[in-house]
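Results of the structural survey
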There are 2 protein chains.
Amino acid sequence: MQDWQLHPTLARDGLVLGDLPLSRVLLSRDANYPWLVLVPRRPGATEIIDLDEAEQAQLTREIAQASRALMTAVPCDKLNVAAIGNMVPQLHLHVVARRRDDAAWPKPVWGAVPARVYDAGEMERLALALRAAIGLR
Amino acid sequence: MQDWQLHPTLARDGLVLGDLPLSRVLLSRDANYPWLVLVPRRPGATEIIDLDEAEQAQLTREIAQASRALMTAVPCDKLNVAAIGNMVPQLHLHVVARRRDDAAWPKPVWGAVPARVYDAGEMERLALALRAAIGLR
């Protein structure tokens, strides 16, 4: 069995917060929106249905965990949850906290506006808060 | 308890294929992509985490069922699965069959290009094939 490795594009665009039982959890470096990415550590998976039934159920629980963490840690009017993967084939789930006054509202975030860089310290503080809310050490 | 009713915007934009144990299944009227929409029949739900744990697990199974049906019934290079709901608050899941030569590829479908109307008979044939593939009567 091949080893699982985080896709280089996901590694570049996100900060690793830690591992849940199935997924590596990343915080997107785009400061426009608090944005988590869950990456199931299953070699070769590109679709949710590439996971077996137990893994799909676990992914669902991890999406819920990420969702609740965002709603606890940041101001949030709506969650957007998506598996798209048209550009990066490795299966990954977006969980994005949206606000009615964010840069792209009401449009989906993908390709809507250029990514914004976090101010010094801002991303570290958010990462700390989200790690605590998710229960990652 | 309030009765559940399909949101008028979802009713306008989709053809009802039938009901799974949790969700009403619709086929989008946008002919650019074979596109299913699952709408959990739970009054007031706007987020996946508004469903209880058993319902979330059932939704996951129904997403997998819709995904496999699309891959069986239509040519498909990639699935896009998403709960967005920034415009229509009623919880609904998009399951979209994407092709590398479709109108929006590799962009997500939402707002990418104007919706296209199905030719006479084309939507009925697709609805029939998808209803069979999903196992709806």
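Residues numbered from 1 in each chain as written. Chains lettered and ligands numbered in written order. Predicted model: local features only at pLDDT ≥ 70, side-chain atom pairs only at ≥ 80, totals over all residues. Heavy atoms only, no water.

On the chain A side, the residues contacting the 28 residues of chain B number 28 residues. For the pair chain B and chain A, the two sides together bury roughly 2,400 Å², of which 60% comes from carbon and sulfur. Close ionic contact of Glu47(A) with Lys78(B) constitutes a salt bridge, the shortest N to O distance being 3.0 Å. In this assembly, chain B and chain A are joined by 17 residue pairs in polar contact (both at pLDDT 80 or more). Among the elements of the structure, helix H2 (53-73) and strand S4 (78-83) of chain B are those that each provide at least two residues to the side of chain B that touches chain A. With eight residues, the single largest contributor to the side of chain B that touches chain A is H2(B). (Contact = heavy atoms within 4.5 Å. Buried area = accessible area lost by both parts, 1.4 Å probe. Salt bridge = Lys/Arg side-chain N within 4 Å of Asp/Glu carboxyl O. Polar contact = N/O pair within 3.5 Å; in protein donor to acceptor, adjacent residues only side chain to side chain. Helix = DSSP H or I, 4+ residues; strand = E, 2+ residues; numbered from the N terminus.)

On to the side chain of Gln56(A), then. Along the chain, Gln56(A) falls in helix H2 (residues 53-73). A residue is classified by how much of its surface remains accessible, and Gln56(A), at 7% relative accessible area, is buried. Beyond its immediate sequence surroundings of up to four residues, Gln56(A) is in contact with Ile48(A), Ile49(A), Leu51(A), Thr60(B) and Ala64(B). (Buried < 20%, exposed > 50% of the residue type's maximum accessible area, 1.4 Å probe, protein only.)

Moving on, we come to unusual backbone geometry. In this model, Trp105(A) is joined to Pro106(A) through a cis peptide bond whose omega is 0°. The topology assignment puts Pro106(A) in the loop between strand S5 (93-98) and helix H3 (122-134).

Moving on, we come to the pattern of salt bridges. Side chains that differ in sign of charge can pair as their charged atoms come close. Residues and elements named next belong to chain A. Counted under the stated rule, the structure contains 16 salt bridges over all chains. For Arg41, the salt bridge identified is with Asp19, shortest N-O distance 3.7 Å. Placement of the pair is Arg41 in the loop between strand S3 (35-40) and H2 and Asp19 in strand S1 (residues 14-19), with a sequence separation of 22 residues. Looking at Asp19, the relative accessible area reads 37%, which means it is partly exposed. Residue Asp77 pairs with Arg100 through a salt bridge whose shortest N-O separation is 3.5 Å. Taken together, the residues span a long stretch of sequence, with Asp77 in the loop between H2 and strand S4 (78-83) and Arg100 in the loop between S5 and H3 at a distance of 23 residues.

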